[in-house]
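Coordinate inspection notes
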Amino acid sequence: MVYSIRSKSRSIISSMAALKTSVESTFASSPINRPAGSKTMKLEKIRDAQQGFTPVLKRRSFSKLETSSSSTAAALTRDRTSYKVQDGAKSCGGLDYFEEMKQRFLSFKKNKYFEELEHFQNLAKAQSPKFMVIACADSRVCPSYILGLQPGETFMIRNVANLVPPLENGPSETNAALEFAVNTLEVQNILVIGHSDCGGIQALMRMQDDVDSRQSLTENWVVNAKVAKFRTKAYTAHLSFDQQCRHCEKESINRSILNLLTYPWIEERVRKELLFIHGGYYDLLNCTFEKWTLDYKGRKVDEEEVGRHSIKDHSFWS
């Protein structure tokens, strides 16, 4: 096999060298300036055609062969292999994201970790966050980045459409995280963050109400906010689909706030004012943030009240 590859490589090299010599000889004996309409090909075009005679070689391999006639079959094989490996490691216009991640990590280690070494070593032993954030998995919504949250400050869960299912819906990764954050870490605040242009809410608004029509895992998840959808349809039937989605994005936050109170260990701490529940809405286009807090006074919060009379500290950051 190796002998066969070497023979083919030498044959290809010899053919290209002969063709190159013939082409250069022809151009050396010709006038530099050809008259308009001349049918003689320019050297660049002939070289392109020359490359076309060797489709088994990559262009980069060809350039190596042209500059060095001593290239071996092993070099050709290695070149092809490295091309495939590099091509697989790169994506989106040739950017090597893992190399970028490496540089970011090393920068973090140098400029953050070592600068606050004692703080990070303490975090390695234990955590005691005061906040829990429930946010959307959308790549454009990064709470740590847009709100400046630092390591150790916030216990975080991210899911599609930043939803909190009610207790009656059974176990999920979201309520498992809630249980740990509230009962073990004893966080003092829970912040549910929604955002504009939410794909999960759009999927919810497009869904048929028939249970049998649910086809995807996404649909079976976002149905946790079906009450928010029904309320949105009832109040915004005259609005466009985009406007309805925007309304539902905020309505679903309030629905998640209410669902938090279906967990007895959350409701008890809220009633004793050991835990406070907040809503937040991030507008991607205008870069604004709206924040409000549930006003709970030891009584059951009615569905109609959330977003009207049972919120406080409503503020708009712009």
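Our structure is the block above this text.
Everything quoted here is computed from the prediction, not taken from an experiment. (Residues numbered from 1 in each chain as written. Predicted model: local features only at pLDDT ≥ 70, side-chain atom pairs only at ≥ 80, totals over all residues. Heavy atoms only, no water.)

A tally of regular secondary structure across the protein chain gives 13 helices and six strands. Burial statistics for the protein chain: of 318 residues in total, 35% are counted as buried. Of the contacts formed within the protein chain by residues at least 6 apart in sequence, a portion of 62% connects residues at least 24 apart. (Helix = DSSP H or I, 4+ residues; strand = E, 2+ residues; numbered from the N terminus. Buried < 20%, exposed > 50% of the residue type's maximum accessible area, 1.4 Å probe, protein only. Contact = heavy atoms within 4.5 Å.)

Residues Met132, Ile134, Leu178, Ile190, Leu260, Ile266 and Ile277 are the most contacted members of the largest nonpolar core, which totals 27 residues. The element contributing the most residues to this core is helix H8 (residues 173-184), with four residues. The residues contacting Met132, other than those within four sequence positions of it, are Thr154, Phe155, Ile157, Ala177, Leu178, Ala181, Val187, Asn189, Ile190 and Leu191. Core analysis: the second largest hydrophobic core is formed by 15 residues, Cys198, Ile201, Leu204 and Ala228 among them. (Core = buried A, V, L, I, M, F, W, Y, C linked by side-chain atoms within 4.5 Å.)

Bringing the sheet that holds strand S4 (residues 276-283) into the picture now. On the basis of which strands lie adjacent, the open sheet formed by six strands has the order S2-S1-S3-S4-S5-S6 and mixed pairing. The sheet is open, and its two borders are formed by strand S2 (154-159) and strand S6 (311-317), each paired with just one other strand. Taken pair by pair, the neighbouring strands of this sheet meet at an average axis angle of 15°, ignoring direction. Two strands pair when backbone bridges link them, and strand S3 (residues 189-195) and S4 are joined in this way by seven bridges, in the parallel orientation. Opposite Asn189, over in S4, you have Phe276 as the bridge partner. The sheet strands contacting H8 are strand S1 (131-136), S2 and S3, and the helix crosses S2 at an angle near 170°. Along the sheet, helix H12 (residues 241-260) makes contact with S1, S3, S4 and strand S5 (288-294), crossing S4 at roughly 165°. (Pairing = 2+ DSSP bridges. Axes fitted to C-alpha atoms, helices over the stretch in contact; angles between N-to-C directions.)

If you want to describe how two helices pack, look at the angle between their axes and the distance between the axes. Relative orientation of the contacting elements helix H9 (residues 199-206) and H12 amounts to 110°, with a least axis distance of 9 Å. Taken together, H9 and H12 sit at an angle that is classed as roughly perpendicular. Our pair here, H9 against H12, has a crossing hand that is right-handed. Where H9 abuts H12, its residues Ile201, Gln202, Leu204, Met205 and Arg206 lie against Phe241, Gln244, Cys245, Cys248, Glu249 and Ser252. Considering only residue class, the contact of H9 with H12 consists of six nonpolar, three polar and two charged. (Parallel < 35°, antiparallel > 145°, perpendicular 65-115°, else oblique. Left-handed = near helix turned anticlockwise from the far one by under 90°. Nonpolar A, V, L, I, M, F, W, Y, C, P; charged D, E, K, R; others polar.)

When the terminal C-alpha atoms of H8 are compared, their 16 Å separation across 12 residues agrees well with the 16 Å that a helix rising 1.5 Å per residue should span. For H8, the complete set of buried residues consists of Thr174, Asn175, Ala177, Leu178, Ala181 and Val182. Taken down its axis, H8 places every buried residue within 155° of arc, on the same side. Buried residues along H8 sit against S1, S2, S3, helix H10 (217-222), H12 and helix H13 (264-271). Positive phi appears at Glu186, one or two residues downstream of H8, with a value of about 55°. (Expected span 1.5 Å × (residues − 1). Arc of directions from axis to C-beta.)

Another aspect to go through is the packing of aromatic side chains. Tallied over the entire structure, the rule returns seven aromatic pairs. Ring geometry for Phe105 versus Phe108: centroids 6.4 Å apart, planes at 40°, classification tilted. Of this pair, Phe105 and Phe108 both sit in helix H5 (residues 97-113), three residues apart, which is roughly one turn of the helix. Here the aromatic rings of Phe155 and Phe180 are separated by 5.6 Å at their centres, their planes lie at 45°, and the arrangement is tilted. Within this pair, whereas Phe155 is found in strand S2, its partner Phe180 is found in helix H8, the two being separated by 25 residues in sequence. When its relative accessible area of 17% is taken as the criterion, Phe155 is described as buried. When its relative accessible area of 35% is taken as the criterion, Phe180 is described as partly exposed. (Phe/Tyr/Trp six-rings, centres within 6.5 Å; stacked < 30°, edge-to-face > 60°.)

This brings us to a nonpolar patch on the surface. Residues Tyr97, Phe98 and Met101 make up a contiguous nonpolar surface patch of roughly 360 Å² in combined accessible area. The topology assignment puts Tyr97 in helix H5. (Patch = residues over 30% accessible without salt bridge, like charges linked within 9 Å, V, L, I, M, F, W, Y side chains within 5 Å. Areas by Shrake-Rupley, 256 points an atom, 1.4 Å probe, with all protein chains shown as cover. Salt bridge = Lys/Arg side-chain N within 4 Å of Asp/Glu carboxyl O.)

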